[in-house]
Amino acid sequence: MRSVVTALFVMFAAPAYAQSQPPIKAPAIAQTCIACHGIRGISTSKDSPSLAGQPDIFTQYQLVFMRDGQRQPGVMAGIVKTLTDENIRELGAYYAALAPPPPFAKAEPVDAAKANAIMGPRRCANCHKDDFSGQGETGRLAGQRPDYLIKALKDFRSGARRGRGMGAMMEVSVTLQDEDIALIAHYLAAKP
Ligand code: HEC
Ligand code: HEC
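Cut-offs used in this document
- Residues numbered from 1 in each chain as written.
- Chains lettered and ligands numbered in written order.
- Predicted model: local features only at pLDDT ≥ 70, side-chain atom pairs only at ≥ 80, totals over all residues.
- Heavy atoms only, no water.
- Helix = DSSP H or I, 4+ residues; strand = E, 2+ residues; numbered from the N terminus.
- Buried < 20%, exposed > 50% of the residue type's maximum accessible area, 1.4 Å probe, protein only.
- Areas by Shrake-Rupley, 256 points an atom, 1.4 Å probe, with all protein chains shown as cover.
- Donors = N, O, S within 2.8 Å, 3.2 Å for Na, K, Ca; no water.
- Tetrahedral: all angles 85-135°; square planar, octahedral: opposite > 155°, others 65-115°.
- Near = heavy atom within 4 Å.
- Polar contact = N/O pair within 3.5 Å; in protein donor to acceptor, adjacent residues only side chain to side chain.
- Nonpolar A, V, L, I, M, F, W, Y, C, P; charged D, E, K, R; others polar.
- Contact = heavy atoms within 4.5 Å.
- UniProt positions renumbered as here; feature names shortened; annotations may be inferred.

Asks: Help me understand the overall build of the protein in this model?
Replies: Looking only at helices and strands, the protein has eleven helices and zero strands in total. Across the protein, helices and strands are ordered from the amino to the carboxyl terminus as α-α-α-α-α-α-α-α-α-α-α. Within the span of the protein, comprising 192 residues, buried residues form 41% of the whole. Put simply, the protein shows about 10500 Å² of open surface, and 59% of that area lies on carbon and sulfur atoms.

The structure is reproduced here in structure tokens:
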């Protein structure tokens, strides 16, 4: 086991990074996630979210929801079924320890005042924090891919995804127009 962990550490940590940060142990199973969620949890694939910097509990809940069928697992159907509770705990801790994604480079420029006019009354920052870094069961939004944010908000709006927090996300998204969703998504994606 020790050799597997060491080998993965060497794979995941670039030398410069290893010098400035304590080693982050990647659980072996995290290798199967790279194809879609990217190296060190920063996604370069359309519709696949970045996982780096997500709160530990948030990631654990989402994996349990997808495994148990409360959230549509989509392309993750096969993989998520095989995850043990232990795998899920390790994955939650691992992604939470990774540096969060930088501002999404290809986010479309948006009018911040318009974004705030949509988000302010809905109190998005109350739960997701002022810097949108997330906390506890509430996901990080800053730097997330806009294509994924759009899909997530539409899934909450239609009720396809219900989520934690007593349906709070369904409630705040039900009155959003498609243009509002696109605007918020690009605004959040560009956040550091
Ligand atoms: C074939 C591509 C693919 C693979 C492999 C894959 N995922 Fe995913 N994953 C996705 C997609 C696409 C979504 C978004 C689903 C949606 O739209 O609701 C997702 C969503 C997630 C989410 C929810 C994130 C959020 O912000 O809500 C987590 C957590 C996650 N994946 C973890 C993993 C882990 C851990 C692995 C490896 C064990 C893995 N995934 C393997 C494609 C993949
Ligand atoms: C009352 C608390 C609360 C408020 C207000 C709130 N959220 Fe959320 N949000 C949550 C929780 C909890 C989750 C995790 C839901 C789950 O378990 O799927 C979440 C998830 C999300 C996700 C999915 C993240 C991911 O990676 O899958 C997006 C996008 C999001 N919220 C955007 C917003 C926006 C935009 C607003 C304001 C219009 C908002 N939220 C307001 C609590 C809140």
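Read on, since the account is not over.
Asks: I keep staring at the coordination of the iron atom of ligand 2 and nothing clicks. Help me out?
Replies: Protein-derived ligands of the iron atom of ligand 2 are H128 (NE2) and M169 (SD), with the metal-ligand distances lying across 2.0 to 2.1 Å. Of note is the iron atom of ligand 2, whose six donor atoms meet at the metal with angles of 86 to 180 degrees in an arrangement that counts as octahedral. In this pair, H128 sits in helix α8 (residues 124-128) while M169 sits in helix α10 (residues 168-173), placing the two residues 41 residues apart along the sequence.

Asks: Is there a simple way to explain the site of ligand 1 in this structure?
Replies: As a structural note, the neighbourhood of ligand 1 is formed by 21 residues, with C33, C36, H37, R71 and M76 the closest of them. Y148 is positioned with one of its side-chain polar atoms (N or O) 2.8 Å from an oxygen atom of ligand 1. Contact between ligand 1 and K151: an oxygen atom at 2.8 Å from a side-chain N or O atom of the residue. Secondary-structure elements contributing two or more residues to the shell around ligand 1 are α3 (34-37), α4 (56-68) and α9 (146-158). The element best represented in the shell around ligand 1 is α4, accounting for four residues. Here the shell around ligand 1 is composed, by residue class, of twelve nonpolar, five polar and four charged.

Asks: Help me understand the environment of C33, please; the structure alone is not making it clear to me.
Replies: In this structure, C33 sits in the loop between α2 (15-20) and α3. Residues C33 and L51 lie 18 residues apart in sequence; the distance between their C-alpha atoms is 10.0 Å. Apart from residues no more than four positions distant in its own chain, C33 is found in contact with G38, L91 and Y95.

Asks: Would you mind going over the coordination of the iron atom of ligand 1 with me for this structure?
Replies: Ligation of the iron atom of ligand 1 by protein atoms is provided by H37 (NE2) and M76 (SD), these donors lying 1.9 Å from the ion. For the iron atom of ligand 1, the six donor atoms are set out with angles of 86 to 178 degrees between them, so the coordination reads as octahedral. Of this pair, H37 sits in helix α3 while M76 is found in the loop between α4 and α5 (77-81), placing the two residues 39 residues apart along the sequence. We classify H37 as buried; its relative accessible area is 9%.

Asks: What exactly am I supposed to notice about the UniProt feature "binding site: heme c 1" (unreviewed entry) in the protein here?
Replies: Sequence positions flagged by UniProt for "binding site: heme c 1" (unreviewed entry) are, in local numbering, C33, C36, H37 and M76. A maximum C-alpha distance of 11.2 Å is found for the annotated residues, which run over 44 residues; spatially they form one tight group. Not counting chain neighbours up to four residues away, the residues in contact with H37 comprise I42, S43, S48, P49, L51 and M76. Among residues more than four places away in sequence, those in contact with M76 are H37, L63 and M66.

Asks: Looking at this model, I keep getting lost on the environment of Y94. Mind explaining?
Replies: Checked against the element boundaries, Y94 lands in helix α6 (residues 85-97). Sequence separation between Y94 and L51 is 43 residues; the distance between their C-alpha atoms is 9.6 Å.

Asks: Even after reading the chapter, I still don't get unusual backbone geometry, so can you show me in this structure?
Replies: Comment: phi is negative for the bulk of residues other than glycine, and the bulk of peptide bonds are trans. Located in the positive-phi region is R40, a residue other than glycine, with phi close to 55 degrees. Of note in the backbone geometry, D47 takes a positive phi value of approximately 70 degrees without being a glycine. Given the relative accessible area of 36%, D47 is considered partly exposed.

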